[in-house]
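Structural overview for review
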Amino acid sequence: MKNIHILIVEPGKAPYEATVPHTLETMQKIVGGCIDATYPYQDPVALVCNDEGLIDGLAFNRRVGEHVEENNTGIFGTFFVCGIGQEDFCSLSPELTEKYKRLLYYPEFPVKSGDMLLFGKQEPIPQGQVTRYTPAFPHKPKSRDSR
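Residues numbered from 1 in each chain as written. Predicted model: local features only at pLDDT ≥ 70, side-chain atom pairs only at ≥ 80, totals over all residues. Heavy atoms only, no water.

**Quick notes on the overall build of the protein**
Secondary structure assignment for the protein yields two helices and ten strands. Along the protein, helices (α) and strands (β) appear in the sequence β-β-α-β-β-β-β-β-β-α-β-β when read from the amino end. Per-residue burial over the protein gives 37% buried out of 147 residues. At a minimum sequence separation of 6, the contacts of the protein that also span at least 24 residues come to 52%. (Helix = DSSP H or I, 4+ residues; strand = E, 2+ residues; numbered from the N terminus. Buried < 20%, exposed > 50% of the residue type's maximum accessible area, 1.4 Å probe, protein only. Contact = heavy atoms within 4.5 Å.)

Right, here's the structure in full:
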């Protein structure tokens with residue numbers, strides 16, 4: 001079995017490197033479900049995520065793309081960055097690993113302000129520290145009349 005060198009990006013944490021088996025099962029385990037790939041950068045990299053992260057209520061992770069400050073395209077849940085080969089995903093080069101570690105270092109969080117959606121950056125949670133996800137937009141409590 002062949003291995004692949006990737007960069008894993010979890011919500012709230014700094015990206016970290018991993019060398020994992022190059023199998024569909026491994027990719028699905030990392031993202032927590034069926035995979036989907038997006039190609040928001042001009043570099044030969046893919047961002048592989050859970051294809052139903054938003055629908056499944058996974059934690060917001062990062063906005064992505066060449067003009068990230070101008071768009072609100074985001075990924076929900078854990079994703080990984082890998083290289084693009086001729087017919088399949090491949091290992092990230094050392095240069096691209098370092099570039100995307102820096103680019104994706106700061107976790108983001110959405111904040112609703114009136115009709116606008118703003119994004120803040122925060123210091124990453126240390127590796128190994130467990131966190132509890134709190135939705136950015138919790139459901140509104142029922143009114144007293146409906147109790």
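Okay, back to it.
**A word on the pairing of strand E4 (residues 45-50)**
The buried fraction of E4 amounts to six of the six residues, a majority that puts the element mostly inside the structure. Connecting strand E3 (residues 35-38) to the antiparallel partner E4 that follows it, the hairpin turn spans six residues. Across four bridges, E4 lies against strand E7 (residues 79-84) in antiparallel orientation. Bridge pairing links Val45 to Gly83 in E7. (Pairing = 2+ DSSP bridges.)

**Re the environment of Glu25**
Looking at the secondary structure, you find Glu25 in helix H1 (residues 24-31). Residue Glu25 is classed as exposed on the basis of its relative accessible area, which comes to 56%. As for Glu25 and Ile35, which are separated by ten residues in sequence, their C-alpha atoms are 9.8 Å apart.

**Looking at the pairing of strand E2 (residues 16-21)**
Bridge analysis of strand E1 (residues 3-9) against E2 gives six bridges, and the strand direction is antiparallel. Across the sheet, residue His5 finds its bridge partner in E2, namely Thr19. The loop that links E1 with its antiparallel partner E2 comprises six residues; one of these, Gly12, has a positive phi angle of about 80°.

**Digging into the side chain of Thr23**
When you line up the elements, Thr23 lands in the loop between E2 and H1. Judged by relative accessible area, Thr23 falls into the buried class, the value being 19%. Engagement of the side chain of Thr23 in a polar contact is seen with the side chain of Thr26, the distance being 2.8 Å. (Polar contact = N/O pair within 3.5 Å; in protein donor to acceptor, adjacent residues only side chain to side chain.)

**Focus on H1**
Residues of H1 that are buried: Thr26, Met27, Ile30 and Val31. Relative to the axis of H1, the buried residues are bounded by an arc of 125° and lie together on one face. In H1, the exposed residues that point more than 90 degrees away from the buried face are Glu25 and Lys29. The secondary structure elements touched by the buried residues of H1 are E1, E2, E3, E4, E7 and strand E8 (89-90). (Arc of directions from axis to C-beta.)

Any functional reading would require information beyond the geometric quantities listed.
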